[in-house]
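Below are the chains, spelled out letter by letter.
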Amino acid sequence: MCAYQAASRGVKVTLFDPNRQLGRKVRITGKGRCNITNNSSAPLFNYIGEDGIVELITVKGNITYNGTEAFSPLCLVNKGTISNCHNRCTVTGTADLAGLCVTNYGVILDGASESPLVATGKSVAGICLNNESTGEIRGFQLSSALPEGSQVAGICHNNKGRVYDCMVTINQTINVTSNWGGIVYTNSGTVEDCMITGPQMVTTSGSIGGICNTLTGGEVLYCWNTVAYITSSNSVAGGVVANCTGGTIKNCWSAATKNISGYTYAGGIAGVLNGSSAKIVNCYNRAAVSVSGTGAQGGIVGNLISGTVENCYNTYGNFFGNKGTTIVLGSNCYNEQLYQTGTVAVPTDHTTMKDELNGYRASHTGESNLYEWLCNSATAYPTLKRPTATKGGRR
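The structure contained in this document is the topic of the report that follows. (Residues numbered from 1 in each chain as written. Predicted model: local features only at pLDDT ≥ 70, side-chain atom pairs only at ≥ 80, totals over all residues. Heavy atoms only, no water.)

When you go through the protein chain residue by residue, the secondary structure sums to two helices and 45 strands. Contacts spanning at least 24 positions in sequence make up 74% of the contacts within the protein chain whose residues lie at least 6 apart. Carbon and sulfur atoms form 47% of the exposed surface of the protein chain, whose accessible area is close to 15800 Å². (Helix = DSSP H or I, 4+ residues; strand = E, 2+ residues; numbered from the N terminus. Contact = heavy atoms within 4.5 Å. Areas by Shrake-Rupley, 256 points an atom, 1.4 Å probe, with all protein chains shown as cover.)

Scanning the entire structure with this criterion turns up eleven aromatic pairs. Taking 4.4 Å as the distance between ring centres and 15° as the angle between the ring planes, the aromatic pair formed by Y65 and F71 counts as stacked. Under the relative-accessibility criterion, Y65 is labelled buried at 9%. Note on W224 and W253: the rings are 5.0 Å apart at their centroids and 5° apart in plane angle, and the pair reads as stacked. Here the residue W224 occupies a position in strand β28 (residues 224-232), and W253 occupies one in strand β32 (residues 253-254), the gap between them amounting to 29 residues. (Phe/Tyr/Trp six-rings, centres within 6.5 Å; stacked < 30°, edge-to-face > 60°. Buried < 20%, exposed > 50% of the residue type's maximum accessible area, 1.4 Å probe, protein only.)

Another point: the environment of N159. Here N159 lies in strand β17 (residues 156-159). Its relative accessible area of 0% is what places N159 among the buried residues. Each C-alpha atom, one on N159 and one on E136, is 9.3 Å from the other, the two residues being 23 residues apart in sequence. Not counting chain neighbours up to four residues away, the residues in contact with N159 comprise N131, V184, T186, N187, S188, G189, T190 and V191. Within polar-contact distance, the side chain of N159 engages the side chain of N131 at 2.9 Å. (Polar contact = N/O pair within 3.5 Å; in protein donor to acceptor, adjacent residues only side chain to side chain.)

The phi angle at N84 is positive, at roughly 55°, despite the residue not being glycine. Here N84 shows up in the loop between β5 (81-83) and β6 (86-93). Take N84: its relative accessible area is 31%, and that puts it in the partly exposed class. For N251, which is not glycine, the phi dihedral falls at a positive 55°. Tracing the backbone shows N251 in the loop between β31 (248-250) and β32. Judged by relative accessible area, N251 falls into the buried class, the value being 0%.

So, about the pairing of strand β33 (residues 259-262). Burial along β33 is two-sided: the residues N259 and S261 and I260 and G262 are all buried. In this structure, β28 lies alongside β33, joined through three bridges in parallel fashion. By the bridge assignment for β33, I230 is matched with I260. As paired strands, β33 and strand β37 (residues 288-291) are joined by four bridges and run parallel to one another. Within β37, the position partnered with I260 by the bridge is V289. (Pairing = 2+ DSSP bridges.)

To continue, consider the pairing of strand β24 (residues 195-203). Pairing geometry for strand β19 (residues 167-169) and β24, over three bridges, is parallel. Residue M167 lies in a different strand from β24, and its bridge partner there is M195. Relative to β28, β24 is paired through eight bridges, and the arrangement is parallel. Bridge pairing in β28 links V202 to T231.

This model, assessed by the stated rule, comprises nine salt bridges. Between E192 and R162 there is a salt bridge whose closest N-O contact spans 3.0 Å. A residue pair is termed long-range when its members are at least 10 positions apart, and E192 in strand β23 (residues 190-192) and R162 in strand β18 (residues 162-164) qualify at 30 residues. (Salt bridge = Lys/Arg side-chain N within 4 Å of Asp/Glu carboxyl O.)

The next thing to look at is the nonpolar core. Counting residues in each nonpolar core, the largest one holds 72 residues, and the members touching the most others are I155, I249, I280 and V309. Here this core gets five residues from one element, more than from any other, and that element is strand β3 (residues 53-65). When residues no more than four places from it in sequence are discounted, the contact partners of I280 are I249, I269, A270, L273, I300, V301, T308, V309, E310 and C312. Judged by nonpolar contacts, the second largest core, of 15 residues, contains M167, L221, Y313 and Y334. (Core = buried A, V, L, I, M, F, W, Y, C linked by side-chain atoms within 4.5 Å.)

What follows is about the side chain of N251. For N251, the side chain forms a polar contact with the main-chain nitrogen of Y371, separated by 3.2 Å. Those residues in contact with N251 that lie beyond four places of it in its chain are L221, Y222, C223, V281, N282, C283, N369, L370, Y371 and L384.

Structure below.
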């Protein structure tokens, strides 16, 4: 700053820096005591470079954003590191909005978004709109104020990179008129070790997925939903994913204490599975599933058009609702109430089922990240063993 002020007054200034790039080691930190009020329609940082570090900053304020470009009160583009930053800035507008960053190529970790973002008819994400293939988002919590828009995600709207160890807590019943993804809206990257919990999520105009709304590729790995009620009043509902057209849902479960309900289709794991590369493996559902319209419900999949389902079990109703002609129903698909050809009744001795589920795992060594099944007794349903190397230990 001194050099800038001197040079701006016509003084000749020479700067020396031992690093190969001037200012390479500069970092911005709030040291846990930096609360910045932003009431303008400009972010605090337009661009954070590859070696930039922004940490321990809380953004507060109220912004009515009238622009048309995507906006965040903290940062537009991050290629460096954003660490332990919090958004407590309320933003309303008619453009796409994010709590901390619009587009991320770097790392965003260990923070929270605690104020509402309202974008009329647009996409909204609690933390980041676009997480690119090199991007990583981890260790985030979203609780008190959930975003509102036409396509809403608790953490990230469009994920091509990695989102893990994140948690969305719904502290009260929410009623929205939008398409919802609890953690990510559209995923073609990796969503791992994330959860959503709370009393009720209801959308009156759109589809809803507990973890992800639309899975087009990549993986949803070791994620779970324990929201009491997940409801779509006019479309598709999925305990983990609403619509899966590609990619893999693996080591996931739904244990909603009340009900997962859709209007057209509802599934404990996926509302709709429709893609030759779409796959559900090593998952289970212990939630009640229903539809209020003319569609169908299934404990694992509501509408199974095409794709593969293997090594899963379901304890409520049909294993799937509608069944297409180009699906692969693989080995070890157990169902409490046996209605479909190709599924196997759940054994009375659940340790036997656990052994058979683990047998699939042992015989598919080429399938990465198949987690071990555990069972405490013959009458207890099997659960999945969490990896010992957790990402942040939040749960």
